[in-house]
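Coordinate inspection notes
Each chain, letter by letter, is given below.
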Number of protein chains: 4
Amino acid sequence: MRIDKERIQEKNQKDLKPHQEKFDFLSNYLLKDGHDVVEIINKLSKFQVAIPSWALGAGGTRFGRFSFQGEPSTLEQKIDDVGILHALTQTAGAISLHIPWDVPKDYEAIKQLATSHNIVFDAVNSNTFQDQKNAKESYRFGSLSNREKAIREQAVQHNIDVIDIGNKLGSKSLTVWLADGSNFPGQNNFQNALQNTQDSLKDIYRALPEDWKLFIEYKPYEPNFYSTVIQDWGTSFMLANECGDRAYTLVDLGHHLPNTNIEQIVATLMMKGKLGGFHFNDSKYGDDDITVGSIKPYALFLIFNELVYGMNNNPQNPYPAWMIDASHNIKDPLEDLIQSLEAIQESYAKALLIDQDQLRLAQMENDVVRCQEILQNAYRTDVRPLLQEARRKSGGALSPLNTYRSLKVRENLIQARGKNSVASGL
Amino acid sequence: MRIDKERIQEKNQKDLKPHQEKFDFLSNYLLKDGHDVVEIINKLSKFQVAIPSWALGAGGTRFGRFSFQGEPSTLEQKIDDVGILHALTQTAGAISLHIPWDVPKDYEAIKQLATSHNIVFDAVNSNTFQDQKNAKESYRFGSLSNREKAIREQAVQHNIDVIDIGNKLGSKSLTVWLADGSNFPGQNNFQNALQNTQDSLKDIYRALPEDWKLFIEYKPYEPNFYSTVIQDWGTSFMLANECGDRAYTLVDLGHHLPNTNIEQIVATLMMKGKLGGFHFNDSKYGDDDITVGSIKPYALFLIFNELVYGMNNNPQNPYPAWMIDASHNIKDPLEDLIQSLEAIQESYAKALLIDQDQLRLAQMENDVVRCQEILQNAYRTDVRPLLQEARRKSGGALSPLNTYRSLKVRENLIQARGKNSVASGL
Amino acid sequence: MRIDKERIQEKNQKDLKPHQEKFDFLSNYLLKDGHDVVEIINKLSKFQVAIPSWALGAGGTRFGRFSFQGEPSTLEQKIDDVGILHALTQTAGAISLHIPWDVPKDYEAIKQLATSHNIVFDAVNSNTFQDQKNAKESYRFGSLSNREKAIREQAVQHNIDVIDIGNKLGSKSLTVWLADGSNFPGQNNFQNALQNTQDSLKDIYRALPEDWKLFIEYKPYEPNFYSTVIQDWGTSFMLANECGDRAYTLVDLGHHLPNTNIEQIVATLMMKGKLGGFHFNDSKYGDDDITVGSIKPYALFLIFNELVYGMNNNPQNPYPAWMIDASHNIKDPLEDLIQSLEAIQESYAKALLIDQDQLRLAQMENDVVRCQEILQNAYRTDVRPLLQEARRKSGGALSPLNTYRSLKVRENLIQARGKNSVASGL
Amino acid sequence: MRIDKERIQEKNQKDLKPHQEKFDFLSNYLLKDGHDVVEIINKLSKFQVAIPSWALGAGGTRFGRFSFQGEPSTLEQKIDDVGILHALTQTAGAISLHIPWDVPKDYEAIKQLATSHNIVFDAVNSNTFQDQKNAKESYRFGSLSNREKAIREQAVQHNIDVIDIGNKLGSKSLTVWLADGSNFPGQNNFQNALQNTQDSLKDIYRALPEDWKLFIEYKPYEPNFYSTVIQDWGTSFMLANECGDRAYTLVDLGHHLPNTNIEQIVATLMMKGKLGGFHFNDSKYGDDDITVGSIKPYALFLIFNELVYGMNNNPQNPYPAWMIDASHNIKDPLEDLIQSLEAIQESYAKALLIDQDQLRLAQMENDVVRCQEILQNAYRTDVRPLLQEARRKSGGALSPLNTYRSLKVRENLIQARGKNSVASGL
């Protein structure tokens, strides 16, 4: 299934007038305050977020999994789903594959399909947290960190295979996330596990094409765990340094202990040129993987403040890979992703409205009250007209969610795919 | 010192035109969406938050205390400071006294002074967490919960004295906050401490005038503590039920363990008719007592959603007593309070914009995506024009902070009071 | 499969002499310190913990489930497994069933089987967090709290059915644990959800036989959640009070926010006569459901201190129902349960060694140092000889784990049941 | 005041016989299990922990400070107090000074006094979290991280002065702990603050004598804070690497977010040769600075497991500097320190009892159950006879706390120093 640009334009019609009014009114005041609205719209348009293939179906819980009707069950259908998202939002111009869930059969056909949707292949993700059918070795007691060489080698080889697959599709980076760790004190020798992980990552790094990057994810815990091998940004940063220049830390919003100051981690990594990728989601209690911006939108804004600062001031840091890493248990996954994309763009737009010069000045003067005012002034601005304008100019929907519903996308998908289709993977 | 209404109007002049434009533009769209803007403005105007006398000076830390120049050193000066806040914001029409820091000498004069500022006396606060000079007994090992009867009696009597003082000023409620607890396992017998606390609170309750309310605050911990006697809302609720109909739980935003869902606590208490008071502040890590809305404004909005719902649907719950309970270490306390008041009004205004009928409908249909949209639609609205209009109509400043600065209030206070004045209390 | 008492005695033989030496040496010193060792051994022997049927197989994770070979696949086999545990440890004399996973076909045969193992049927557990095949209504959006009457009625009826089943087996209590809640702000109306939960619980309570108790469990969150309907002990306590005298709160160790002082909750509930049941497990980060005592054994000891105090001083509180609620992903479930039972007995024994009279005295004198010494003196004692003696006297194994291994229990189970048996349920 | 060795021996007399019995009984079994008891006793005797000068008086809270009678008010008296601790425990053979609270007047006299107590001077601590009288610049907005060069230079110079003072006393390391950070989002530019901190630390490092080490402490938050400049071990590790080979991370137990796996941090740092120092204390909620081992003794044991492993297997890591960093609000500080020293020695002794060979073997076999058994077997052993024996052989007290009390040390100190002496510093 594919959404016609014309259908979107049709649906936009009735909202065009109020949009124009709101946009003009807002632009006018922003211009007076010295903002370059054209440039902001431009930046919003260019900001593209990868959709992971696994986010297009319903997520699992330990009690079971309610599948959502019309889920994509093939890689082609997943690309189609991202195509729908991108047509509507114009900000989902990339897909992030998960191997072995998404191994293409016909690479050329897959690439053409993606191109037809205007979608590129972002970072590829390996999977050594589940045993694959017919796999010789089990990851029950770890993969890259495992005590046994044969198991580590299998896990390293899998990552190299993933690179090969990604390479054929045009990906330029590999994301490694490990569920390695221990469930009980004493189970693991921390130093050996870390050394093994470091050695395995170096092996993978050596297989990396020259124009590729390696992203090393961290996470403090999984349910039932006592420790994880890469528990925090410090460990990931250390490992990335050991690997080499093209190895980077990847920050996932949900992978932090309670109360962590994530924006400061982002700032530190960008200053050191080591922020490679960023996974968006939100959470109330732990790694809840719920819709971006649904719980702590101000924290997201503060993070974007650092990201914008880093992109402007840290040439030593590459342009980060953006991805949504969420799980959908009770929402239509595509609707959830539309909401996430909106929240990301909103935070980015607000961060772009921060008067950086004034902020530096207030900071120099230790005028803490004014520092806060400057941030809040940007945050309190209703930036939705800017987002709509950016989408409108790119041919997207003024209101992606409403258009999605009024075009009856889910109903069409169900009709085409059936009620019991199941996304491969989790 | 006192701010002339005329001076405020003068300062408003230059911002009046843009304000009117923004307000008209916003109102127009809100009206189209079915909102009663007049009613919203009306509600905002009526919403008054008490300023605690101790928030007008700099707070202490365990390393020391940087006092802020021009601090109020008498009760009269504290009332003047609240008068300044109220003149500017029109939302600080009450002061909350702390005894023994604020014992009036001449009650009539104090009442007249407050009246002249249009300020009433809100809940009075007792202090049994510090030993007073010449006190017979020490609270080192607890006050209302103490093992020794004589100490409990002294603490109960102090509360009764506080009621008497409040009564003479027109207060109608007593807030009890305890630093009672233990620093080490085994130090306290939990059951005895709780029983003593319950008995002491009942003694205080018996002394309460018929038209008074008793507010019981809870808090999970203090630095260096292992336990507190009233650690959570459940304990406070239980104690309030034991005392009687006019005893209530008081919620302080900062007094919760990491990740607590505070809005649900608010909803539960209002449903049971037991939310008596609410203390505003914000925090990143613990009970940080920093400016309201400076860290988690969306959580504050969700709380206001419950408060608005409760005020509309829970006749069994009294109108809660609102107070800011913050501490100022590096900001001018009055500027900090202006920022806090703005954040409170902002959250309240946004909560008033939630389309409750649509929300109930979406909830009935289990349309989780739309539920979120409805909340976010309200939250994303820039409500500052509504706040400004509410202030303007009441004679306040369009921009309280700018006016405060341009009127050089702090400079005037320093001139009048000196650089080394110190607020009594902490 | 069944373990012969004689086989256990045989295995005990070689350890008897050192055991006797250690026990005599310890007893001697304990007697000098005024302890009644016979009484302690007696209490340890009487302390029986229920094993939940679902803990006998491997637990699930969101990524999959590694089943453990030789898992019990029928209710009969589950009872046999508990029989093995009880034969070895003499402290697992009860099983807690989960309906619909454990519906007996032949009640008499099941009862006889349990009796033959010396096992009784403890609290029965209902399940409204999963949809059952052929169920008319889905719990996707809640069960007892659901907006729709038909769904609530189905859930209430299920609980009544569970009571009936339990009644036929000799159970005397029903445990209700809900996964009801919401994943996003706005999804639920907190007050309605709580009111529905309360009404549903009352309906269940009305169906309770006169000699039964209702246990209401609480939990702050599940992965992916934003709120749960019964988030804390305060809510459970409130609901229990609304239901009536035979409704109680059930405390599960893992169901708390970070840093919660659980021992104080236990003390409060016992003082109010409302601690009905207790679920043992341990955790590092959240509700990890790992082996009891494997992470925070001192916290468990402090909790047992309160439990012992309450059992001695709170006639208003019934004798609590004890159960292990753990999940096993990488350990043999029976070995894990043996470790859990050992940790529970150890904590209980140490709590029995606390010199309560001296503790009260030190507390009265505010001698905080001595209070701590008294607790630590008990905790630092190596009580393993006491546990061994209690088991020996009851015919159990001196070292249950070693005996389990040397009797090759798992190997026998695999031979009897096969490698691919799967415990029904999760 | 000074405790005679003879007095201690006298007091030991009555406990000698039971001690010998218990020690013999335990040794006997340990020897059978293959432990080298003589070597363990030897290691315990050699393990010396520095006492910080500020822990000898009562700590402050934000509400006030209850001073303890007989507090040391001069450096000489502080050294005397450590002398008392060391005489009793034989494990407090070092003092850690805090400048400017402890600037000696007569260096030779001070050194002689310390030598007479058998005490050496451990790491010296600088203080840039408080403004000193007559200081030119204020640290209100930071010290080493401050935006203003003059302030940074003052802070750097202070650290250099501290090194000079320490050098004259025989110290070999400097500990830098910063309260630098921000109270509100936007107040600080994270990158600038980090860069300034790094540059300042390098300046200090350059002034370090060749045989000195620099310890960089980290801490996630202070009350009222939104961020700290060195928030975690990763930041400290990065800064230490930037400084050079003799710069190290210092771990303080209380300086971590909820649920942090500290033992893994210790293992990582030792593997990388960067664990320079360790501060002992304990906490229930945050940085509570309460008695070591009073809340989470098992976590302390797991940390010691890593420390012992690292000391045996990581020649790349220097021998760490040990210090107690606690605060005493309601206990006699000396009694509290005696309890802390006991808890440290206990954890160390238990860690020494872990059968490392068996543990490696069980780990290699993925026998998770046995791994846990091996740790718990060591932990459950009552090691107090080992501690007593180590002290006895060194001339210390079998029971330091009882001896302290029976010698009426505090009473003597009060008589000598008066009731109102106040420890300089906090």
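Reading the values: the criteria
- Residues numbered from 1 in each chain as written.
- Chains lettered and ligands numbered in written order.
- Predicted model: local features only at pLDDT ≥ 70, side-chain atom pairs only at ≥ 80, totals over all residues.
- Heavy atoms only, no water.
- pLDDT = per-residue confidence, 0-100.
- Phe/Tyr/Trp six-rings, centres within 6.5 Å; stacked < 30°, edge-to-face > 60°.
- Buried < 20%, exposed > 50% of the residue type's maximum accessible area, 1.4 Å probe, protein only.
- Least-squares fit on C-alpha atoms with pLDDT ≥ 70 in both.
- Contact = heavy atoms within 4.5 Å.
- Axes fitted to C-alpha atoms, helices over the stretch in contact; angles between N-to-C directions.
- Helix = DSSP H or I, 4+ residues; strand = E, 2+ residues; numbered from the N terminus.
- Parallel < 35°, antiparallel > 145°, perpendicular 65-115°, else oblique.
- Left-handed = near helix turned anticlockwise from the far one by under 90°.
- Nonpolar A, V, L, I, M, F, W, Y, C, P; charged D, E, K, R; others polar.
- Expected span 1.5 Å × (residues − 1).
- Arc of directions from axis to C-beta.
- UniProt positions renumbered as here; feature names shortened; annotations may be inferred.
- Buried area = accessible area lost by both parts, 1.4 Å probe.
- Salt bridge = Lys/Arg side-chain N within 4 Å of Asp/Glu carboxyl O.
- Polar contact = N/O pair within 3.5 Å; in protein donor to acceptor, adjacent residues only side chain to side chain.
- Pairing = 2+ DSSP bridges.
- Right-handed = clockwise from strand over helix to strand, strands pointing away.

Naming follows an unreviewed UniProt entry, where chain A appears as L-rhamnose isomerase/sugar isomerase of Arenibacter algicola.

Examining the confidence of the model for chain A
Regions with low pLDDT carry predicted coordinates that are not meant to be interpreted in detail. Averaged over every residue, the pLDDT of chain A is 95; residues scoring 70 or more account for 98%. Predicted complex metrics record ipTM = 0.97 and pTM = 0.98.

Focus on the packing of aromatic side chains
Within the structure shown, the criterion is met by 84 aromatic pairs over all chains. Aromatic side chains A:Phe278 and A:Phe280 sit 5.0 Å apart centroid to centroid with 55 degrees between the ring planes, which places their arrangement in the tilted category. Pair check on accessibility: A:Phe278 and A:Phe280 agree, each one buried. Pairing D:Phe47 with D:Tyr348 gives two aromatic rings, centres 4.5 Å apart and planes at 35 degrees, and the pair type is tilted.

Quick notes on the relation of the copies chain D and chain A
In the superposition of chain D on chain A (RMSD 0.0 Å, axial shift 0.0 Å), the rotation amounts to 180 degrees. Both chain copies can therefore be described as sitting about a two-fold axis. Considering only C-alpha atoms, the residue of chain D closest to the rotation axis is D:Gly234, which sits at 2.0 Å. Both copies present the same face, since 100% of the interface residues in chain D are matched by interface residues at the equivalent positions in chain A.

Section: the packing of helix 1 (residues 5-32) of chain C against helix 13 (residues 384-394) of chain C
Residues and elements named next belong to chain C. As a packed pair, helix 1 and helix 13 sit with axes 8 Å apart at the nearest point and diverge in direction by 135 degrees. Overall, the two elements helix 1 and helix 13 adopt an arrangement that is oblique. Judged by the twist between their axes, the crossing of helix 1 over helix 13 is left-handed. Touching Lys-5, Leu-16, His-19, Gln-20, Lys-22, Phe-23, Leu-26 and Leu-30 of helix 1 are Pro-385, Leu-386, Gln-388, Glu-389, Arg-392 and Ser-394, all from helix 13. Within the contact of helix 1 with helix 13, the residues separate by chemical class into 6 nonpolar, 4 polar and 4 charged.

Focus on helix 5 (residues 149-169) of chain B
All names here are of chain B. The first and last C-alpha atoms of helix 5 sit 30 Å apart over 21 residues, in line with the 30 Å expected at 1.5 Å per residue. Looking at helix 5, one finds that the buried residues are Ile-151, Arg-152, Ala-155, Val-156, His-158, Asn-159, Val-162, Ile-163, Ile-165, Gly-166 and Leu-169. Of the residues one or two after helix 5, Gly-170 is the one with positive phi, at around 100 degrees.

A short note on helix 2 (residues 37-46) of chain C
The α-helix advances 3.6 residues per turn, and as a result positions three or four apart in sequence lie on the same side. Residue and element names in this part refer to chain C. Listing the buried residues of helix 2 in full gives Val-37, Ile-40, Ile-41 and Leu-44. Down the axis of helix 2, the buried side of the element spans an arc of 100 degrees, and every buried residue falls inside it. Away from the buried face of helix 2 by more than 90 degrees, exposed residues Val-38 and Lys-46 are located. Taken together, the buried residues of helix 2 touch helix 1, helix 10 (333-352) and helix 13.

Quick notes on the UniProt feature "domain: Xylose isomerase-like TIM barrel" (unreviewed entry) in chain A
In the numbering used here, UniProt assigns the "domain: Xylose isomerase-like TIM barrel" (unreviewed entry) feature to residues 104-290 of chain A. Here residues 104-290 of chain A runs as 37% helix and 16% strand, with 28 Å between its end C-alpha atoms.

Thoughts on the interface of chain D and chain A
Taken together, the 54 residues of chain D in the interface contact 54 residues of chain A. Together chain D and chain A conceal approximately 4,700 Å² of surface at their shared face, both sides included; 56% is due to carbon and sulfur atoms. At the junction of chain D with chain A, the criterion picks out 2 salt bridges. Run the count over chain D and chain A and you get 28 residue pairs in polar contact (both at pLDDT 80 or more). Every element with two or more residues in the side of chain D that touches chain A is listed here: helix 6 (190-206), strand 8 (227-228), helix 7 (233-243), helix 8 (262-271), helix 9 (297-313), helix 11 (356-364) and helix 12 (368-380) of chain D. Ranked by residues supplied to the side of chain D that touches chain A, first place goes to helix 8 of chain D with 7 residues. Of the residues that constitute the side of chain D that touches chain A, the class distribution is 24 nonpolar, 23 polar and 7 charged.

Observations concerning the interface of chain D and chain B
The partner chain B presents 43 residues to the 43 residues of chain D that form the contact. Between chain D and chain B, a total of about 3,700 Å² is buried, with carbon and sulfur atoms accounting for 60% of that surface. The interface formed by chain D and chain B holds 0 salt bridges in total. Looking at the side of chain D that touches chain B, its residues break down into 20 nonpolar, 12 polar and 11 charged.

Focus on the pairing of strand 9 (residues 247-252) of chain D
Residue and element names in this part refer to chain D. Of all 6 residues that make up strand 9, 6 are buried, and the element is covered over most of its length. Neither face of strand 9 is open: one carries Ala-247, Thr-249 and Val-251, the other Tyr-248, Leu-250 and Asp-252, and all of them are buried. Bridge count for strand 7 (residues 213-217) against strand 9 is 4 bridges, and the pairing is parallel. Looking at the pairing, Ile-216 lines up with Thr-249 of strand 9. Between the parallel pair strand 9 and strand 10 (residues 275-280), the chain is carried across by helix 8, and the sense of this crossover is right-handed.

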